[in-house]
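An overview of the molecular structure
Each chain is listed here by its residues.
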Amino acid sequence: MYFFGALGGILFGYDLGVISGVLPFIGKVWSLSSSDKGIITASISVGAVVGAIFSPRVNEWLGRRRTIMAAAVIVVAGTLAATFSPAFVALVVSRLVIGVGIGFSSSTVPTYLSELAPARLRGALGALNQIFIVLGILIAFLVSYGLGSSSNWRAMFAGAIVPAVILFFGLILLPETPRWLLKNGRAEEARAVLVSSHGTADVDAELASIREVVRLDTERRGTIRDLWAPWVRPMLIVALLLAAGQQFCGVNAVNAYFPTMLISLGFATQAALLSGVLLGVTKFLFTAWVVFVVDRWGRKPLLLIGNVIMVVTLVGAGLSVLTVSSTGVLGVLMLITMVLYLVGYELGWGAVVWVMMAEVFPLRERAAGMGVASVVLWAATGIVTAVFPLMSDPGALGIGGSMFVFAAVNVVLFALTKWLVPETKGRSLEQIELDLRARTPLRGPAKV
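Quick look at the structure, then. (Residues numbered from 1 in each chain as written. Predicted model: local features only at pLDDT ≥ 70, side-chain atom pairs only at ≥ 80, totals over all residues. Heavy atoms only, no water.)

What to know about the overall build of the protein
Put simply, the rule reads: In this text, helices come from DSSP runs of H or I with a minimum length of four residues, and strands from runs of E with a minimum of two, each type numbered from the N-terminal end. Classification of residues uses two cut-offs on accessible area relative to the type maximum, computed with a 1.4 Å probe and protein chains only: under 20% is buried, over 50% is exposed, and between them is partly exposed. Per-residue and other accessible areas follow the Shrake-Rupley method at a 1.4 Å probe size, with only the shown protein chains counted as cover for residues.
Regarding its fold elements, the protein presents 19 helices and zero strands. Relative to its 448 residues, the protein shows a buried fraction of 59%. Counting only carbon and sulfur atoms, one obtains 70% of the accessible surface of the protein, whose full area is about 16,200 Å².

Focus: the packing of helix α14 (residues 269–297) against helix α15 (residues 299–323)
Condition: Lines fitted to the C-alpha atoms define the axes, with helices restricted to the stretch that makes contact. Angles between their N-to-C directions range from 0 to 180 degrees. Comment on the angle field: the value is read as roughly parallel under 35 degrees, roughly antiparallel over 145, roughly perpendicular from 65 to 115, and oblique elsewhere. Residues count as neighbours in contact if any of their non-hydrogen atoms are within 4.5 Å of one another. Each residue gets one of three labels, nonpolar for Ala, Val, Leu, Ile, Met, Phe, Trp, Tyr, Cys and Pro, charged for Asp, Glu, Lys and Arg, and polar for the others, Gly among them.
The N-to-C vectors of α14 and α15 enclose an angle of 120°; their axes lie 7 Å apart at closest approach. It follows from the interaxial angle that α14 and α15 lie oblique. Residues V290, V293, V294, D295 and W297 of α14 form the contact with α15, whose participating residues are R299, P301, L302 and I305. Residue composition of the contact of α14 with α15, grouped by class: seven nonpolar, no polar and two charged.

A short note on helix α12 (residues 233–248)
Heads up, the condition is: For a helix, the expected span equals 1.5 Å multiplied by the residue count minus one.
The end-to-end C-alpha separation of α12 is 22 Å, in line with the 22 Å expected for 16 residues at 1.5 Å each. Here α12 lies mainly inside the structure; twelve of its 16 residues are buried. Of all the residues in α12, the buried ones are P234, M235, L236, V238, A239, L241, L242, A243, A244, G245, Q246 and Q247. Just downstream of α12 lies G250, where phi reads positive at about 105°.

Some details on the pattern of salt bridges
As a reminder of what qualifies: Throughout this description, the term salt bridge denotes a Lys or Arg side-chain nitrogen within 4 Å of a carboxyl oxygen of Asp or Glu.
Within the structure shown, the criterion is met by four salt bridges. E189 serves as the salt-bridge partner of R186, at 2.9 Å between the closest nitrogen and oxygen. Judged by its relative accessible area of 32%, R186 falls in the partly exposed class. Relative accessible area serves as the criterion here: at 39%, E189 is assigned to the partly exposed category. Here E346 and K283 are joined by a salt bridge, their closest N and O atoms 2.5 Å apart. In this pair, E346 is assigned in helix α16 (residues 327–360) and K283 in helix α14, connecting sequence segments 63 residues apart. Each of the two residues, E346 as well as K283, counts as buried.

Re a nonpolar patch on the surface
The condition that has to hold: What makes a patch is a set of residues exposed beyond 30% relative accessible area and free of salt bridges, joined within 9 Å when like-charged and within 5 Å when nonpolar (Val, Leu, Ile, Met, Phe, Trp, Tyr).
A contiguous nonpolar patch, built from V281, L285, F286, W289, W297 and I305 and spanning about 520 Å² of accessible area, is present on the exposed surface. Top element by residues in the nonpolar patch is α14. It accounts for five residues. Tracing the chain through its elements places V281 in helix α14.

Shown next as structure tokens:
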């Protein structure tokens, strides 16, 4: 159940990662400028913003499960168009369509998983989404490396069809979440899903808790404006900080452009693509490890540890670019620092962000809150992927200067996380919400 629920993350990861292997080839074939590369890379984020904007309404209308199925269909259509794109504009439009599907999926999968999972395992099961995202990135890097010698970038794009089809047919067999079912008057189905996903212990107590939240939430129809209600506002701020921070920390500059960076530093194309595979393996291994510690260590400590590691490694990467003249030595240093950077990212701001964004919103505002958070996340992704080719150009900040900028951003994120972000491990979604309802607006560090 959780496996297929999280499979939507592969769509996200593959389409984010595959462009890193495609750009070196279409850049030559179509004579693309730095801004052209940024537009192609960022177009998926623009589409994802559109998908995330409409996701809350579709989510409440269709339910979590069927929204993800619709996302899979949209991704297949956009991927086919990208595979056969004859020129720059057609590829940009195709990736916009793919992005709409990714926007639906990325804002719904975390909600689907969090609403199915028991409280004691919610962090680990929610982290499955990030595992599948990084698995998608790793698969994209492997496919790019395997097809790199033949320069078959069209086949690289086509690979996204496979997980989309598996996701669609897998979800046909899966249930809707008990919270959505109960909210829509389908109590017996909700009970059956709780029994299958949580076991038979305390099902009545959990149903009663969900009913109480549903009763409170249906007294008045929820709107986007409700996210700014005094008791919800602190969690909205936390979710937006997490969403924006996950991208402005610099990860998708690395995911999308690392091979391109190495090529600009003098590396051969295949060597650069192989280095991307090593990054993908690192991301996958450490994300998988987080599954085993997120419900023991807690969310906030992992975020802070991740920030510290990212600051140190980004500064190291920037100094390496500015001070090392040997191409071979510089390549090794960049690979080591970027591998360690991704260790820090996956320990904290990778999996934990998706887990917490789905945890902190109340039931009535959850679909809208995840939609807004996903819009911010994808807008930040688009900004980073569009701007990085320009800021890393030798005539601007260069790669070294860009690393220092991302290091500074991570220092700011550390301070904001320390002050604002609460700890939510071990608490049911209903406990978190009922506790929020009983509180007054925050005036200091958040405590849940």
